[in-house]
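# Structural characterization, general
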Amino acid sequence: MDDVSAYLVIALGCLLVAVAVVVVVAGRRSRRRPSAAPRAADRPPTDPRRIQVGDIVEVGDLSYRVRGSIRLVEGDWRWAEHLFDDDSGRYRLSVAENPEFEMVLWEPQPGRVRTVGAPAVDAAGRRYDWHESGQARYTATGLTGLDPSGTMRYHDYRAAGGARLTFEAYGEAGWEIALGRRLDPGDVTVYPQGRGS
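Residues numbered from 1 in each chain as written. Predicted model: local features only at pLDDT ≥ 70, side-chain atom pairs only at ≥ 80, totals over all residues. Heavy atoms only, no water.

## With respect to the overall build of the protein chain
Looking only at helices and strands, the protein chain features 1 helix and 11 strands. Sorting the 197 residues of the protein chain into buried and exposed places 34% on the buried side. Put simply, the protein chain shows about 12200 Å² of open surface, and 53% of that area lies on carbon and sulfur atoms. (Helix = DSSP H or I, 4+ residues; strand = E, 2+ residues; numbered from the N terminus. Buried < 20%, exposed > 50% of the residue type's maximum accessible area, 1.4 Å probe, protein only. Areas by Shrake-Rupley, 256 points an atom, 1.4 Å probe, with all protein chains shown as cover.)

Next up, the structure:
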C-alpha cells in the first residue's frame, strides 16, 4: 500500500468516527429536549368512566363528540349517560359499574310506548325480559334538554346476545323507549378534549 492509499484509509476512518460521534450527541440532545405539550387530539385515550362534555368518543369506526352528560345516583349505585352530538342526535352511551363495568350504546325508538313495567316486551323482532326498575336522582351538564337536576324513573329489560331495552322518564316527562347493545371495552376509545388526561 502506498502512502496516498494509507492516508485515504486513515482519513476515511476518522470521518466515519466523527459522523458516529455527531449522531450519538444529536440523539442524546433530542432526548433531553422537552417536548411541547400534546394537543388534545394527540393525548392518549382515557377511561370511559372519566368521560366529560366535549370529549371525542369512538365507537367502532364512528366518532362522536359528547354534547351532554347525565350522572345518576340510586342508593350506592352510580352511572352516567353521555349524549352524542351526531347527525341524528339520537345516540347515547351509558357507563356503569355495579358491580361489573358495563357500557351500552342506546338508540331512542320514537313512536308508541309499549306497556311500561310488563314482565316481557317484544320489540324489533326480539323478546326482552324484565331485569330491574327504579328511580334515581340526576345532575345534567352540557346540552341535555333537562333541568340541571331532578329524578329519573326507569324499567330495564334484557335479551340474548347483550341486547337491552329501557323505558326512562325524566321529571314529569312521559316515558321514552330506547334499544341498546352492550359494548366490550375494546369497542370504545375516549379522547379527552381541552383538559389533561
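## Quick look at the side chain of Asp156
Looking at the element boundaries, Asp156 is found in strand β8 (residues 149-158). Arg158 provides the closest opposite charge to the buried, unpaired Asp156, separated from it by 6.7 Å. With near-sequence residues (within four places) excluded, Asp156 lies in contact with Asp129, Trp130, His131, Glu132, Leu165 and Thr166. (Lys, Arg positive; Asp, Glu negative; His and termini not counted. Salt bridge = Lys/Arg side-chain N within 4 Å of Asp/Glu carboxyl O. Contact = heavy atoms within 4.5 Å.)

## Quick word on the confidence of the model for the protein chain
Mean pLDDT for the protein chain: 81, with 73% of residues reaching 70 or above. Here helix α1 (residues 3-32) stands out as the element of the protein chain with the lowest mean pLDDT, 48, in contrast to β8, whose mean of 97 is the highest. Low pLDDT, under 50, characterises residues 14-41; the predicted model gives this stretch 6 contacts beyond four residues in sequence or across chains. (pLDDT = per-residue confidence, 0-100.)

## Points about the side chain of Arg92
Position of Arg92 among the secondary structure elements: in strand β4 (residues 92-97). When near neighbours in sequence (up to four residues on either side) are disregarded, Arg92 contacts Glu81, His82, Leu83, Phe84, Val104, Leu105, Trp106, Pro108, Thr166, Glu168 and Ala178.

## Describing the pairing of strand β3 (residues 77-85)
A regular strand carries its side chains on alternate faces of the sheet. With 7 of 9 residues buried, β3 lies mostly within the body of the structure. Both strand β2 (residues 62-74) and β3 contribute to a ladder of 9 bridges, which runs antiparallel. Looking across to β3, one finds that Gly68 is bridged to Leu83. Following β2, the chain reverses through 2 residues before pairing antiparallel with β3; Gly75 in that reversal takes a positive phi of roughly 60°. When β3 meets β4, the two strands line up antiparallel, connected through 5 bridges. The residue bridging Leu83 from the neighbouring strand is Arg92, located in β4. (Pairing = 2+ DSSP bridges.)

## Let's talk about the pattern of salt bridges
Tallied over the entire structure, the rule returns 9 salt bridges. With a shortest N-O distance of 3.5 Å, Arg182 and Glu102 are connected by a salt bridge. Here Arg182, found in strand β10 (residues 176-183), pairs with Glu102, found in strand β5 (residues 101-108); they are 80 residues apart in sequence, far enough to count as distant.

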